[in-house]
Structures are given as C-alpha cells and as structure tokens.
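Chain and residue survey
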Amino acid sequence: VVVSDKGEKTITVRIDVVRRHKRYHKILRSSVKLQAHDERNDAHEGDTVRVTECRPMSRSKRWRLVEILERAR
C-alpha cells in the first residue's frame, strides 16, 4: 500500500506482515516501509501496488514499481 507519493518519481510503500507465534499462536503484526521508483508518477496515496527488487537507484531506493493492482477510492 502506498503511504506517500510526495517525492519526484518516488513512492513510499508499506508492506504489512501478519504471522502467528510458533509457541503461543498469538497473531503478530508488523510492517516494513520501503522506497520504490515510480517512473511516470502514476501511483498515489492509498493505492495497492506490486514492486520488484532492482539495482540501487539511490541511497534508499532499491525497489521499482511494476504495476498498480488497485486504485484508492
């Protein structure tokens, strides 16, 4: 899910991870934020997107936007 599209050709993507604890079976939620390259400035805040790993484009950008799966309402 895109959480920010403020940068020029850059989007910030939050990946939510839901897993179960091995012993106690409690549901654990965590998230990872990463910067992705958006060549055409196509994605906007709230969109669900698919990203893929690529060569380092800057100090923080190591991902690239592949497609927009669902637009925000």
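Check the entry above for the structure.
Note on numbering: residues in each chain are counted from 1, in written sequence order. Residue-level local features of this predicted model are given only where pLDDT is at least 70; pairs of side-chain atoms are given and counted only at 80 or more, and the full residue set underlies all totals for whole chains, interfaces and linings. Excluded from the side-chain calculation are hydrogens and water; included are all heavy atoms of the structure.

1. Describing the environment of cysteine 54
Along the chain, the position of cysteine 54 falls in the loop between strand 4 (48-53) and strand 5 (61-70). Along the chain, cysteine 54 and alanine 72 lie 18 residues apart, while their C-alpha atoms are 26 Å from each other. When sequence neighbours within four positions are dropped, the list of residues in contact with cysteine 54 reads Arg62, Trp63 and Arg64. Only DSSP runs of H or I covering at least 4 residues are called helices, and only runs of E covering at least 2 are called strands; the numbering of each starts at the N terminus. In this description, contact between two residues means that some pair of their heavy atoms is separated by no more than 4.5 Å.

2. Section: unusual backbone geometry
Although it is not a glycine, lysine 9 adopts a positive phi angle of roughly 60 degrees. Along the chain, the position of lysine 9 falls in the loop between strand 1 (2-4) and strand 2 (10-20).

3. Comments concerning the sheet that holds strand 3 (residues 27-37)
Think of a sheet as strands paired side by side through backbone hydrogen bonds, with each pair either parallel or antiparallel. Think of it this way: DSSP has to see at least two bridges between two strands before they count as a pair. The mixed open sheet is built from five strands, whose spatial order is 1-2-3-5-4. The strands lining the two open edges of the sheet, one partner per strand, are strand 1 and strand 4. For this sheet the average axis-to-axis angle between neighbouring strands, irrespective of direction, equals 45 degrees. The sheet contact formed by strand 2 and strand 3 spans eleven bridges and is antiparallel. Paired with threonine 10 across the strands is histidine 37, a residue of strand 3. Here an axis means a line fitted to C-alpha atoms, over the contact stretch when the element is a helix, while the angle between two N-to-C directions is reported on a 0 to 180 degree scale.

4. Describing the pattern of salt bridges
Any carboxyl oxygen of Asp or Glu that lies within 4 Å of a side-chain nitrogen of Lys or Arg is treated as forming a salt bridge with it. Within this structure, the stated rule accounts for five salt bridges. Across the salt bridge formed by aspartate 47 and arginine 71, the nearest N and O atoms sit 3.2 Å from each other. Of the two residues, aspartate 47 is situated in the loop between strand 3 and strand 4 and arginine 71 in the segment after strand 5; the sequence distance between them amounts to 24 residues. Aspartate 47 sits in the buried class, given a relative accessible area of 2%. Look at the salt bridges and you will find they share partners, linking Asp42, Asp47 and Arg71 into a network. Exposure categories follow from relative accessible area, calculated using a 1.4 Å probe and restricted to protein chains: below 20% of the type maximum is buried, above 50% is exposed, and the middle band is partly exposed.

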